[in-house]
Amino acid sequence: ATSREYSSSPAPELDESYWRALLREGEQAEEPSRLYGDIDEELAHAGAHPHPSPPLHAHSDWEMAQGIMDRDESLDLLVSGFNRGGLLVEWRSLRGFVPASQLVDFPNIANPVQRQRILATRVGGTLRLRVIELSEAQNRLILSERAAQTAPGERADLLSRIRPGDTLQGIVTNLCDFGAFVDLVGLEGLIHISELSWGRVGHPSEILSRGETVQVHVLEIHADAGRVALSVKRLHPDPWATVHLRYAVGEMVTGVITNVGDFGAFARIEEGLEGLIHVSELAEGHFLHPRNVVAEGQELTARILSIDGRARRLGLPLRDDRDAQAAPAPGEA
């Protein structure tokens, strides 16, 4: 692994909800879905009946499962059911869940009906799995087929070797609204959406695709939880850090409209660098909405009104630009 220096802004604080996305129903479902909180509840959704109360020996089974996780051992388990998010398995008195994103070679299908049909074909089969999340208090036992592809101790070895600033290579396993999950040799990493690009990102799918091999910068390591916070944008310099060296107030620049709102429009003049055309600077006279003047994807030329690299702001008065374009060039009058 190599080290990079492009870390001018702090890493986003990790929130447990990021990691609970491993349990999200239908990673690319048509409707937003809640997070799994209780495996018994999901078994009920899948047509199974949850235990009315934990078996007397359930606590000892949780302790055994914790030991298996600590030793990084694999389990060969029978698939007993499925739901929109993945497969259901049982081990002794415990019920486990294997998210679809943790299955090897699971096709990238957004249609929930097709996904469930494929998951249904796995019922009755056996999977070699490793425990990646465990909580007796939350009745949560999460397993991964991807993690079981590595040799015992390989994930722990990687965790002990990597450092913040390292560059690693991984495979994108899942895309959620707030980021992308990356498999690092059986170790799960997360690229928060704010760490995908220096520019505006509406959804991680605009930058990455599931199954894609990607280079990532290590931001933070949480060894106890076996989690790593990653970044793609920090493999490249922050364009705002040197914006004043490349552009000057009054300079004409060409950009593409990336977003239009009530207050104006944003125009990308280079990767990661967007300027704001305020509604008051869009055009002369009255108009109903900025969309009556510009549209997303439209290319235009504007004159830079202001530059503030520290605040990450660049003003572009389109109104002045149109006047300039309409005016005759010197010597043509």
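Structure shown above.
Counting of residues starts from 1 at the beginning of each chain's written sequence and follows it residue by residue. It should be noted that, the model being predicted, local features are given only for residues of pLDDT at least 70 and side-chain atom pairs only at 80 or more, the latter also being counted only at that level, while totals for whole chains, interfaces and linings use all residues. Neither water nor hydrogens contribute to the side-chain values; these are computed over all heavy atoms in the structure.

1. Focus on the pairing of strand S8 (residues 179-184)
Phase 1 of the analysis: Accessibility here uses a 1.4 Å probe with only protein chains present; expressed as a share of the type maximum, an area under 20% marks a residue as buried, one over 50% as exposed, and anything in between as partly exposed. Every helix listed is a DSSP run of H or I at least four residues long, and every strand listed is a run of E at least two residues long, numbered separately from the N terminus. Counting buried positions over the six residues of S8 gives six, a clear majority of the element.
Phase 2 of the analysis: The two faces of S8 match: Gly179, Phe181 and Asp183 on one face and Ala180, Val182 and Leu184 on the other face are all buried.
Phase 3 of the analysis: As defined by bridge partners, strand S7 (residues 166-176) adjoins S8 across five bridges and the pair is classed as antiparallel. Residue Asn174 lies in a different strand from S8, and its bridge partner there is Phe181.
Phase 4 of the analysis: The loop that links S7 with its antiparallel partner S8 comprises two residues.
Phase 5 of the analysis: Pairing between S8 and strand S9 (residues 187-192): six bridges, direction antiparallel. The residue bridging Val182 from the neighbouring strand is Gly189, located in S9. If DSSP finds at least two bridges between two strands, the strands pair.

2. Digging into the pattern of salt bridges
Note on pairing: side chains with opposite charge can pair once their charged atoms come close.
Phase 1 of the analysis: Any Lys or Arg side-chain nitrogen located within 4 Å of an Asp or Glu carboxyl oxygen qualifies as a salt bridge. Scanning the model with the defined rule gives nine salt bridges in all.
Phase 2 of the analysis: Salt-bridge contacts for Arg92 lead to Asp61; the nearest nitrogen and oxygen are separated by 2.7 Å. Taken as a pair, Arg92 in the loop between strand S3 (86-91) and strand S4 (94-99) and Asp61 in helix H3 (residues 58-70) lie far apart in primary sequence, 31 residues in all.
Phase 3 of the analysis: A relative accessible area of 53% means that Arg92 is categorised as exposed.
Phase 4 of the analysis: Here Asp76 makes a salt bridge to Arg128, at a shortest N to O gap of 2.7 Å. You can see Asp76 sitting in strand S2 (residues 75-83) and its partner Arg128 sitting in strand S5 (residues 126-135), a full 52 residues away along the chain.
Phase 5 of the analysis: On the basis of relative accessibility, which here comes to 48%, the residue Asp76 falls in the partly exposed class.

Structural measurements only, silent on function.
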